[in-house]
Amino acid sequence: MSVRPAARRPVAIALGARTNLALLALLSVAFLTGWIAFAYATAPARWSLVLHAAGGFAILAMLPWKSMIARRGLGRPRPGRWASTLLGVLVLISLVAGLLHSTGLLIYVGPLTAMDFHVGAAIAAVPLAIWHVVSRRVRLRPTDLSRRNVLRGGAVAAGAVAAYAASEMVVRATGMPGAARRFTGSYEAGSLQPGLMPISSWMFDAIPQIDQSTWRLPAGGREWSYDEISAFDDRLTATLDCTGGFFSTQEWAGARLDRLIGKTDGASIRVVSATGYDRRFPIERASALLLATRFGGQALDPGHGFPARLVVPDARGFWWVKWVSAIEVDDMPPWWQSPFPLQ
Ligand code: HEM
Ligand code: HEM
Ligand SMILES: Nc1nc2c(c(=O)[nH]1)N[C@H]1C(S)=C(S)[C@@H](COP(=O)(O)O)O[C@H]1N2
Ligand SMILES: [Mo]
């Protein structure tokens, strides 16, 4: 062994550090843009998914380098190697499930979707990734940000965007099922056919059985019966776009929220479910929100939110509260809630 000046690193280690740092940046980008895509059912979902997919392809491109680092690391006994291996397995599951969803080669996996696996594996990987990075410090050196390395990073990024564009062209040219995705990446299911619309919940909610004769809805300072709500006939054709990877367009009918809450002071409307699930909306949106009792001319079934469910045009499915049990107006700002439901 020769003695090296402290300021210089062997080339292999320097390359390893850059690979690891690039992976850290790319994993963060993929995670963040994935959630931005989930927050919207409008344009931001699209541009964040372009970044997201490019980030995913760039992670794939790092695999040859990272597997060299991993092989070297696994060769020396170090506590927690199993956790690094599990991290690798989870990231691979997420990548594969993401590609299966996007190409359409596999969309449904029993009661779950490829998207559920994609996101589930990514979430499970987070604590492992944090531990992995914290227990294996990589230090950034000035030379890592040299002009040449920045150019190299730019080349990887450009290559990843090109790979994503090429993959989308292949999906379309070969007529893979993925060609039919909406801009959010979701697949059409049961549109205008209420009986074929998928039933989904955000996480753990089970379908409650609610008796329409005893159901009462507090809203606007009074209680409404099922028959009173059903007597309204406000109509809206709107698309529910679930983060699970499907979308469904239906003709909804029921009561506009502004009619139920009347003229009241307040900053936001809180729509509560019989299960405790709730979402908050700016009061200005009241006339755009529909409390639906029917879709496609028939009453909702328990799975789709009977007796009444919220319809929120241009918002992701998790805003469409099912089994509504109360509508409250108060002074809380609409942003005073978790960005995604917690149950
Ligand atoms: C380890 C982290 C992640 C990686 C490496 C990753 C990577 C990928 C890849 C490679 C694709 C396929 C891109 C394509 O060919 O179109 C994809 C699709 C997708 N991912 Fe992720 N992802 C990660 C985490 C997440 C998370 C946390 C979310 C949501 C919260 C998410 C949401 C999506 C969505 C909605 C698509 C579908 C895009 C489409 O079909 O156009 N991803 N992801
Ligand atoms: C896709 C995500 C990643 C996977 C699957 C992964 C996997 C692995 C594996 C299997 C090893 C060898 C076993 C071990 O040392 O525990 C390793 C080593 C290592 N990883 Fe990662 N890693 C990932 C991301 C990162 C990131 C983001 C960093 C830091 C920013 C990092 C830094 C390191 C370091 C410093 C080593 C030790 C190398 C050595 O001892 O020679 N890794 N990684
Ligand atoms: N009470 C309650 N409402 C809910 C959910 C839930 O878990 N609980 N899931 C939401 C999500 S994530 C979606 S995509 C839609 C699914 O509606 P559907 O079953 O009619 O397709 O309901 C939304 N409303
Ligand atoms: Mo959903």
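That block above? That's the structure.
Quick summary incoming for the structure in this document. Model, not experiment: these values are computed from the prediction.

Cut-offs applied
Residues numbered from 1 in each chain as written. Chains lettered and ligands numbered in written order. Predicted model: local features only at pLDDT ≥ 70, side-chain atom pairs only at ≥ 80, totals over all residues. Heavy atoms only, no water. Near = heavy atom within 4 Å. Polar contact = N/O pair within 3.5 Å; in protein donor to acceptor, adjacent residues only side chain to side chain. Helix = DSSP H or I, 4+ residues; strand = E, 2+ residues; numbered from the N terminus. Nonpolar A, V, L, I, M, F, W, Y, C, P; charged D, E, K, R; others polar. Donors = N, O, S within 2.8 Å, 3.2 Å for Na, K, Ca; no water. Tetrahedral: all angles 85-135°; square planar, octahedral: opposite > 155°, others 65-115°. Buried < 20%, exposed > 50% of the residue type's maximum accessible area, 1.4 Å probe, protein only. Areas by Shrake-Rupley, 256 points an atom, 1.4 Å probe, with all protein chains shown as cover. Expected span 1.5 Å × (residues − 1). Contact = heavy atoms within 4.5 Å. Salt bridge = Lys/Arg side-chain N within 4 Å of Asp/Glu carboxyl O. Pairing = 2+ DSSP bridges. Axes fitted to C-alpha atoms, helices over the stretch in contact; angles between N-to-C directions. Parallel < 35°, antiparallel > 145°, perpendicular 65-115°, else oblique. Left-handed = near helix turned anticlockwise from the far one by under 90°.

Below, the discussion takes up the site of ligand 1. Taken together, 24 residues lie around ligand 1, and His 52, Ser 102, Met 115, His 118 and Arg 181 are the ones closest in. A distance of 2.7 Å is found between a nitrogen atom of ligand 1 and a side-chain nitrogen or oxygen belonging to His 52. Those elements that place two or more of their residues in the shell around ligand 1 are helix H1 (11–39), helix H2 (43–75), helix H3 (81–103) and helix H4 (114–135). Taken together, the residues of the shell around ligand 1 sort by class into 14 nonpolar, nine polar and one charged.

With that settled, the discussion passes to the coordination of the iron atom of ligand 1. Coordination of the iron atom of ligand 1 by the protein comes from His 52 (NE2) and His 118 (NE2), over a distance range of 1.9 Å. For the iron atom of ligand 1, the six donor atoms are set out with angles of 88 to 179° between them, so the coordination reads as octahedral. Placement of His 52 in helix H2 and of His 118 in helix H4 is noted, with a sequence separation of 66 residues between them. The pair His 52 / His 118 is uniform in exposure class, with both members buried.

Lining the immediate surroundings of ligand 3 are 22 residues, of which Pro 198, Ser 200, Asp 205, His 304 and Lys 322 lie closest. Within the backbone of Pro 198, a nitrogen or oxygen atom sits 2.8 Å from an oxygen atom of ligand 3. Contact distances for ligand 3 include 2.8 Å between an oxygen atom and a backbone N or O atom of Ser 200. Relative to its unbound accessible surface of 530 Å², ligand 3 loses 100% to contact with the protein. Here the residues of the shell around ligand 3 are counted per class, giving 12 nonpolar, seven polar and three charged.

Two residues of an α-helix separated by three or four positions point the same way, owing to the 3.6 residues in each turn. Taking 1.5 Å per residue, 23 residues should reach 33 Å; H3 reaches 33 Å between its end C-alpha atoms and fits that length. Within the span of H3, buried status applies to Ala 83, Ser 84, Leu 87, Leu 90, Ser 94, Leu 95, Ala 97, Gly 98, His 101 and Thr 103. Here the buried face of H3 lies against H2, H4, helix H5 (147–173) and strand E3 (187–188). Directly beyond the C-terminal end of H3, a positive phi value near 85° is found at Gly 104.

Two side chains carrying opposite charge are able to pair once their charged atoms lie near each other. What the rule picks out here adds up to 12 salt bridges. For Arg 182, the salt bridge is made with Asp 241, and the minimal N-O distance between the two is 2.7 Å. Within this pair, whereas Arg 182 is found in the loop between H5 and E3, its partner Asp 241 is found in strand E6 (residues 234–241), the two being separated by 59 residues in sequence. Its relative accessible area of 0% is what places Asp 241 among the buried residues. The network of salt bridges with common partners includes Glu 168, Arg 172 and Arg 181.

With that settled, the discussion passes to the pairing of strand E7 (residues 246–256). The buried fraction of E7 amounts to nine of the 11 residues, a majority that puts the element mostly inside the structure. With two bridges connecting them, E3 and E7 associate as parallel partners. Bridged to Glu 188 within E7 is Phe 247. Counted between consecutive antiparallel strands, the loop separating E6 from E7 contains four residues, among which Gly 245 sits at a positive phi close to 110°. With five bridges connecting them, E7 and strand E10 (residues 290–295) associate as antiparallel partners. Bridge pairing in E10 places Ala 255 opposite Leu 291.

This part takes up the sheet that holds strand E8 (residues 268–273). In space, the three strands of this open sheet follow the order E9-E8-E13, with antiparallel pairing throughout. Each edge of the open sheet is held by one strand with a lone partner, namely strand E9 (278–282) and strand E13 (324–330). Within this sheet the neighbouring strands show an average axis-to-axis angle of 20°, counted without direction. Relative to E9, E8 runs antiparallel, the two being bridged by five bridges. Note that in E9 the partner of Val 272 across the bridge is Asp 278.

Now for the packing of H2 against H5. It is the contact of H2 with H5, at a shortest axis distance of 8 Å, that shows an interaxial angle of 110°. In terms of axis orientation, H2 runs roughly perpendicular to H5. As for how H2 packs across H5, the hand of that crossing is right-handed. Residues Arg 46, Val 50, Ala 53, Ala 54, Phe 57, Ala 58 and Met 62 of H2 pack against Val 156, Ala 160, Val 161, Ala 163, Tyr 164 and Ser 167 of H5. Taken together, the residues of the contact of H2 with H5 sort by class into 11 nonpolar, one polar and one charged.

A few words on unusual backbone geometry. A cis amide bond links Phe 306 to the next residue, Pro 307, at an omega of 5°. As for its position among the elements, Pro 307 is in the loop between strand E11 (298–299) and strand E12 (309–311). Notably, Leu 192 is not glycine yet its phi reads approximately 60°, a positive angle. Assignment of secondary structure puts Leu 192 in the loop between E3 and strand E4 (216–219). Overall, the relative accessible area of 53% leaves Leu 192 in the exposed class. We note that Asp 314 has phi near 65°; this positive angle belongs to a residue other than glycine. Relative to the elements of secondary structure, Asp 314 occurs in the loop between E12 and E13.

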